[in-house]
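In case you want the letters, here they are:
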Amino acid sequence: MRFVKTLPLLLSLSAALGSACAWALPSDREQPIRVQADSAELDDKQGVAVYRGDVIITQGTLKITGDTVTITQNAQGDIEIFTSVGKPAYYEQKPAADKQIVKAYGLTIQYFAASERIVLIDQAKVIQEGNTFEGEKIVYDTQRQIVNAGRATGAQVSTPRPRIDMVIQPKKKPADQQAQ
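Keep in mind the model is a prediction, meaning the values are calculated, not measured.

Novice: When you look at the confidence of the model for the protein in this model, what are you seeing that I'm missing?
Specialist: Detailed reading of predicted coordinates is not advised where the pLDDT is low. In this model, the protein carries an average pLDDT of 78, and 77% of its residues clear a pLDDT of 70 or more. Taken element by element, the protein is modelled with least confidence in helix H1 (residues 7-18), mean pLDDT 40, and with most confidence in strand E2 (residues 39-43), mean pLDDT 94. Within the model, pLDDT remains below 50 along residues 1-22, and this stretch shows 58 contacts once partners closer than five positions in the same chain are excluded.

Here you go:
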């Protein structure tokens, strides 16, 4: 792979990350993207960028970390798949000004830009407002706000979990909130 200018790739990255609107503050899309890594390998011809070594990507309240982050683009330069691998890889974002940060973990986190889907594979976990959702694989459709979880068929899993595990906190009633 050859090293090339990163502006077209970063502009595409901005568009892809900005479209994850269900878990995002609207102002996040307007913020600059910062990529920090020990090394970067960019290949415009193949449409692939690989960042290695304690990778941290931020844009507004969005934060993604991993040991290796790979970004794949199509022939038009649009980002198709964004993959973060770590022990674990990590994703966080504030969905709204009055909401708590959503946190997601997995040994692999994939973001499919065209379908606005986030896939957490192996030791997958989502934490939102005290509620937790764990399993081998969690798929979150950000457009339709639908979560599917279950076995990670076809993927090697370091910690098999034959069942999903959810913890849902009771909703606070107005009287409970005033008592605090």
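That was the structure; now back to the text.
Novice: Help me out: how do you make sense of the pattern of salt bridges in this one?
Specialist: Oppositely charged side chains are able to pair whenever their charged atoms sit close together. Overall, the coordinates contain 2 salt bridges when judged by the stated rule. Residue Arg52 is joined to Glu41 by a salt bridge in which the shortest nitrogen-to-oxygen separation is 3.1 Å. Taken together, the residues span a long stretch of sequence, with Arg52 in strand E3 (residues 48-59) and Glu41 in strand E2 at a distance of 11 residues. Overall, the relative accessible area of 26% leaves Glu41 in the partly exposed class. When the shortest N-O distance is used, the salt bridge between Glu129 and Lys99 registers 3.8 Å. Taken together, the residues span a long stretch of sequence, with Glu129 in the loop between strand E7 (117-128) and strand E8 (131-141) and Lys99 in the loop between strand E5 (79-93) and strand E6 (102-112) at a distance of 30 residues. Assessed through its relative accessible area of 36%, Lys99 is described here as partly exposed.

Novice: It is not clear to me how the environment of Asp38 should be interpreted in this structure. Could you clarify?
Specialist: Locating Asp38 in the fold gives a position in the loop between strand E1 (34-36) and E2. For the pair Asp38 and Tyr51, spaced 13 residues apart in sequence, the C-alpha to C-alpha distance is 7.5 Å. When residues no more than four places from it in sequence are discounted, the contact partners of Asp38 are Arg52, Gly53 and Asp54.

Quick notes on the rules
Residues numbered from 1 in each chain as written. Predicted model: local features only at pLDDT ≥ 70, side-chain atom pairs only at ≥ 80, totals over all residues. Heavy atoms only, no water. pLDDT = per-residue confidence, 0-100. Helix = DSSP H or I, 4+ residues; strand = E, 2+ residues; numbered from the N terminus. Contact = heavy atoms within 4.5 Å. Salt bridge = Lys/Arg side-chain N within 4 Å of Asp/Glu carboxyl O. Buried < 20%, exposed > 50% of the residue type's maximum accessible area, 1.4 Å probe, protein only.

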